[in-house]
Amino acid sequence: MYGRIARRYDLVNYVQSLGMVGLMRRDAAAFVGRGAVLDAGAGSGGLAAACLAAGASRVVCLDRSPEMFAVARAKLASYERAGRVRFVLGDVTRLPFRDGAFDNVGSAFVFRNIPSTDAAVGEVRRVLKAGGRVAVADVFAPPKGLTGALYKIYLNVMVPLWGRLIARDGLAYRYLSASIQNCFSAEELAGRLAAAGFADIRAQAKFFGVAHVVKGRLR
Ligand SMILES: C[S@@+](CC[C@H](N)C(=O)[O-])C[C@H]1O[C@@H](n2cnc3c(N)ncnc32)[C@H](O)[C@@H]1O
């Protein structure tokens, strides 16, 4: 599906999130943007770019969509020429890297797309060095109460509409809306990270609890 919407992904994402996605990537990058970083589900490279700007020495972008990588490559061309970015096609639940290969791992707007969260968490843990940091930014399950009710209307009406108008693919954006509404909560992800051996875990709410950046450190 991401192959279909890759060309317009950045634009739709920015419009429908009212600019929120950029702020969340920068927040995650401020935490993990040091040393050798894995951007798990890098897509069009927004988090990788934020990590490089924050001070990462190099970033490996991992994704299973070649079309999203075409967009990322254009965005990160100067970093790729300088040998600071590498693109690897693969699956977050079966990472093609040796144990302890990375200082830090970041992931933005990916985890809710992965059927086996525990497999992804296990792989992130495996490729991190001891003491390495993880930051997972996403729009998890909608908050409860009035904010949640208003947000669900936005998800069901506006998000597919932006998708239809800008990316000409309402169906793909209906899937994205559903993936948010069926997602686990940020607190649940925090629990899974704790069970996998991460410490100092914080699920930081953003934008009235609509989005979160979950951060932790491998013991
Ligand atoms: C919503 S996009 C997010 C892209 C990017 N991280 C960003 O900040 O915009 C989700 C990305 O996750 C990728 N993805 C989903 N499941 C994946 C998996 N199991 N392994 C690798 N990539 C995956 C998709 O191909 C897509 O590029």
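Sequence order as written defines the numbering, with residues in each chain counted from 1. For this predicted model, a pLDDT threshold of at least 70 governs which residues receive local features, and a threshold of 80 or more governs which side-chain atom pairs are given and counted, while totals over whole chains, interfaces and linings are taken from all residues.

A. Structural context of the environment of Arg-98. Helix and strand labels come from DSSP, where a helix needs a run of H or I of at least four residues and a strand needs a run of E of at least two; each type is numbered from the N terminus. Structurally, the position occupied by Arg-98 is in the loop between strand E3 (85-89) and strand E4 (102-108). Using a count of 9 C-beta atoms within 10 Å as the deciding quantity, one classes Arg-98 as exposed. Taking the C-alpha atoms as reference points, Arg-98 and Val-127, separated by 29 residues in sequence, lie 6.3 Å from one another. The exposure label follows from counting other C-beta atoms within 10 Å of a residue's C-beta, where the C-beta atoms are placed from the backbone and the thresholds are 20 or more for buried and 12 or fewer for exposed, leaving partly exposed in between.

B. Fine view of the site of the ligand. Nearness here has a simple definition: the residue's C-beta atom, placed using the backbone, must lie within 6 Å of the molecule or strand. Around the ligand, a shell composed of 20 residues is seen, among which Gly-41, Gly-43, Ser-65, Val-92 and Ala-108 lie nearest. Classification convention: Asp, Glu, Lys, Arg as charged; Ala, Val, Leu, Ile, Met, Phe, Trp, Tyr, Cys, Pro as nonpolar; all other residues, Gly among them, as polar. Here the shell around the ligand is built from residues that sort into nine nonpolar, seven polar and four charged.

C. Up close: unusual backbone geometry. Phi at Phe-109 takes a positive value of approximately 60°, unusual for a residue other than glycine. With 23 C-beta atoms packed within 10 Å, Phe-109 lands in the buried category. A positive phi angle, close to 60°, is found at Phe-208, a residue other than glycine. Secondary-structure assignment places Phe-208 in the loop between strand E6 (198-206) and strand E7 (211-218).

D. Looking closely at the sheet that holds strand E2 (residues 56-63). Strand order in this open sheet of seven strands is E3-E2-E1-E4-E5-E7-E6, and the pairing throughout is mixed. Strand pairing shows two members of the sheet lacking a second neighbour, E3 and E6, which therefore form its edges. Going across the sheet, the axis of each strand differs from the next one's by a mean of 15°, ignoring polarity. Note on pairing: two strands pair once DSSP finds at least 2 bridges between them. The sheet contact formed by strand E1 (residues 35-40) and E2 spans six bridges and is parallel. By the bridge assignment for E2, Asp-39 is matched with Cys-61. The strands that helix H9 (residues 186-195) touches are strand E5 (128-138), E6 and E7; relative to E6, the one it contacts most, it runs at about 170°. Angular values range over 0 to 180 degrees, each being the angle between N-to-C directions of two axes fitted as lines to C-alpha atoms, with helices fitted over their stretch in contact. A pair of residues counts as a contact when their C-beta atoms, built from backbone coordinates, are separated by no more than 7 Å.

E. Highlighting helix H3 (residues 46-54). The element H3 is extensively covered by neighbouring structure, given that seven of its nine residues are classed as buried. The complete set of buried residues in H3 reads Gly-46, Leu-47, Ala-48, Ala-49, Ala-50, Cys-51 and Leu-52. One or two steps after H3, the chain reaches Gly-55, where phi turns positive at roughly 125°.

F. Here's a closer look at the packing of helix H7 (residues 145-167) against helix H8 (residues 170-181). Two elements in contact, H7 and H8, have axes whose closest approach is 7 Å; the angle formed by their N-to-C orientations is 155°. If you check the angle between H7 and H8, you find them roughly antiparallel. By crossing handedness, the relation of H7 to H8 is classed as right-handed. For the pair formed by H7 and H8, the contact residues are Lys-152, Leu-155, Asn-156, Val-159, Pro-160, Trp-162, Gly-163, Arg-164 and Ala-167 on the first element and Gly-170, Ala-172, Tyr-173, Arg-174, Leu-176, Ser-177, Ile-180 and Gln-181 on the second. When its residues are assigned to classes, the contact of H7 with H8 shows nine nonpolar, five polar and three charged. For this classification, under 35 degrees means roughly parallel, over 145 means roughly antiparallel, 65 to 115 means roughly perpendicular, and everything else is oblique. In this scheme, a crossing is called left-handed if the near helix is turned counterclockwise away from the far one by less than a right angle; it is called right-handed if the turn is clockwise.

G. The arrangement of the environment of Gly-216 in detail. Position of Gly-216 relative to the elements: it lies in strand E7. Residue classification places Gly-216 among the buried positions, given that 25 C-beta atoms sit within 10 Å. Gly-216 sits 67 residues away from Ala-149 along the chain, and the two C-alpha atoms are 30 Å apart. Setting aside anything within four residues of it in sequence, one finds Gly-216 in contact with Val-134, Leu-193, Phe-198, Ala-199, Asp-200 and Ile-201.

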